[in-house]
Amino acid sequence: MNRPIRKAVFPVAGLGTRFLPATKAMPKEMLTLVDRPLIQHAVDEARAAGIEQFIFVTSRGKGALEDHFDGNGDLMRVLEARNKTREIDLLKTTDIDSGQLLFTRQRDPLGLGHAVWCARHLVGNEPFAVLLADDVVLAEKPCLKQMIEAYGEVGGNLVAVVDVPREKTNRYGILDVEKDDGRMAKVKGLVEKPAPEKAPSTLSIIGRYILQPEIFAELETNKAGAGGEIQLTDSMARLIGKQPFHGLRYEGTRYDCGDKIGFIEANVAFALAHPEMSARVREAIRKIIN
């Protein structure tokens, strides 16, 4: 029986330089996607998948992330005094109980693999999820929930994947596929940011992972890969053959909110899917483009 996924790691130590000057004094993960910051979209997805502990890998200047998920007694009292029941309910969606929200620091920006390695003591010897807040998936069933259901079938390590244009393979971790049934691909290799002519496929990993704790021993070697950083993909590749490894084609649409255009696209898509504002947003867009 596959061990349950109870913990999720959120690497949130990046500087967000592509969004300057907006991110000069504010973590990029606090940028608002419609009505919630990006990090809350990721946490909500994890909660919906049954995650019980939320591990943030942070850096200097990320205190707003901790404050966002903490209680705010003064604000709550004001809302209660004004009988703002709707606002009180919204505020409660940001609460994470004591002991469930954990923080560790990544002191040097050495890459995603290093960020995950920084969480090793908090994760311990159990499988865990990794969610990148930059990648947001609009789906009827949350992406991580789909993955955990698939993990129940195959175990081992599992990544969410999407087909990308071949000319863009040099931006992503790409799967080398042994077998593919159209939903799940059995992986025989991984390549980080291969040139289009060398890419073994066009199946790209997005920012959703389910990993076994043995990944930490591989990350311990601290070997720099593409871009001079410690790549998570390289360590995952070394587990192939030792543990089951699959890529899941999730149902939904992924938006890259680490990019300004992707962030705008996500805001439009999520606003159009929002039950309280979709009609008004549609009308506003119609006025702009006409």
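Residues numbered from 1 in each chain as written. Predicted model: local features only at pLDDT ≥ 70, side-chain atom pairs only at ≥ 80, totals over all residues. Heavy atoms only, no water.

Engineer: Looking at this structure, how should I read the pairing of strand E9 (residues 173–180)?
Structural biologist: Successive side chains on a regular strand alternate, one facing one side of the sheet and the next facing the other. Here E9 pairs with strand E10 (residues 184–192) via seven bridges, running antiparallel. Bridge pairing in E10 links Leu175 to Leu190. The hairpin turn running from E9 into E10, its antiparallel successor, is three residues long, and Gly182 in that turn takes a positive phi close to 95 degrees. (Pairing = 2+ DSSP bridges. Helix = DSSP H or I, 4+ residues; strand = E, 2+ residues; numbered from the N terminus.)

Engineer: Looking at this structure, how should I read the confidence of the model for the chain?
Structural biologist: The predicted coordinates should not be examined in detail at positions where pLDDT is low. Per-residue confidence for the chain gives a mean pLDDT of 91; residues scoring 70 or more make up 98%. For the chain, per-element mean pLDDT is lowest for helix H4 (residues 85–92), which scores 88, and highest for strand E6 (residues 128–131), which scores 98. (pLDDT = per-residue confidence, 0-100.)

Engineer: Looking at this model, I keep getting lost on the packing of aromatic side chains. Mind explaining?
Structural biologist: To describe a pair of aromatic rings, one takes the distance between the centres and the angle between the planes. One pass over the structure, following the stated rule, counts seven aromatic pairs. Residues Phe128 and Phe216 carry aromatic rings whose centres are separated by 5.2 Å and whose planes lie at 10 degrees to one another, so their mutual orientation is stacked. In this pair, Phe128 is assigned in strand E6 and Phe216 in helix H8 (residues 215–219), connecting sequence segments 88 residues apart. A relative accessible area of 0% places Phe128 in the buried class. Note on Phe216: relative accessible area 7%, which makes it buried. An aromatic cluster is present here, built from Phe10, Phe54, Phe56, Phe69 and Phe103 joined pairwise through their rings. Positioned above the aromatic ring of Trp117, the side-chain terminus of Arg120 is 3.6 Å from the ring centre. (Phe/Tyr/Trp six-rings, centres within 6.5 Å; stacked < 30°, edge-to-face > 60°. Buried < 20%, exposed > 50% of the residue type's maximum accessible area, 1.4 Å probe, protein only. Lys NZ or Arg CZ within 6 Å of the ring centre and 35° of its normal.)

Engineer: Explanation requested: the packing of helix H10 (residues 260–273) against helix H11 (residues 278–289) in the structure shown.
Structural biologist: Describing two packed helices takes the angle between their axes plus the distance from one axis to the other. Here H10 crosses H11 at 135 degrees, and the two axes come no closer than 7 Å. Between H10 and H11, the interaxial angle falls into the category oblique. Where H10 approaches H11, its residues Val268, Ala271 and Leu272 are matched on the opposing element by Ser278, Val281, Arg282 and Ile285. Per-class residue counts for the contact of H10 with H11 are five nonpolar, one polar and one charged. (Axes fitted to C-alpha atoms, helices over the stretch in contact; angles between N-to-C directions. Parallel < 35°, antiparallel > 145°, perpendicular 65-115°, else oblique. Contact = heavy atoms within 4.5 Å. Nonpolar A, V, L, I, M, F, W, Y, C, P; charged D, E, K, R; others polar.)

Engineer: I'm lost on H10 in this one. Help?
Structural biologist: The end-to-end C-alpha distance of H10 is 20 Å, a good match for the 20 Å that 14 residues give at a rise of 1.5 Å each. Of the positions making up H10, those classed as buried are Gly262, Phe263, Ala266, Ala269, Phe270 and Ala271. (Expected span 1.5 Å × (residues − 1).)

Engineer: Which parts of the structure should I look at to understand the side chain of Thr23?
Structural biologist: Residue placement: Thr23 occurs in the loop between strand E1 (7–11) and strand E2 (32–33). Once residues within four sequence positions are removed from consideration, Thr23 is found in contact with Leu15, Gly16, Lys28 and Leu31.

Engineer: Looking at this structure, I do not really get unusual backbone geometry. What am I missing?
Structural biologist: Backbone phi values are negative for most residues with the exception of glycine, while trans is the configuration of most peptide bonds. Note that the residue after Leu20, namely Pro21, is joined by a cis bond; omega there is 5 degrees. Relative to the helices and strands, Pro21 resides in the loop between E1 and E2. Positive phi, normally seen in glycine, also occurs at Asn83, with a value near 55 degrees. If you trace the backbone, Asn83 turns up in the loop between helix H3 (73–81) and H4.

Engineer: Got a minute to help me understand the environment of Met76 in this structure?
Structural biologist: By the secondary structure assignment, Met76 is in helix H3. Taking the relative accessible area as the measure of exposure, Met76 reaches 17% and is therefore buried. Note: C-alpha distance between Met76 and Lys92 (16 residues apart in sequence) is 9.3 Å. Ignoring any residue separated from it by four or fewer positions in sequence, one finds Met76 in contact with Ile88, Leu91 and Lys92.

Engineer: Could you clarify how one ought to interpret the layout of surface pockets in this entry?
Structural biologist: In this approach the atoms are scanned with a rolling probe the size of a water molecule, which exposes any empty space left behind. Of the voids in this model, the second largest pocket is the one considered here, and its volume is about 400 Å³. For the lining of the second largest pocket, the secondary structure elements donating two or more residues are helix H1 (38–48), strand E7 (135–138) and H10. With six residues, the top contributor of residues to the lining of the second largest pocket is H1. (1 Å grid on protein atoms, 1.4 Å probe; cavity = no way out; pocket = protein on both sides within 12 Å on 5 of 7 lines; lining within 4 Å. Points joined across faces, edges and corners; volume = space filled by probe spheres on them.)

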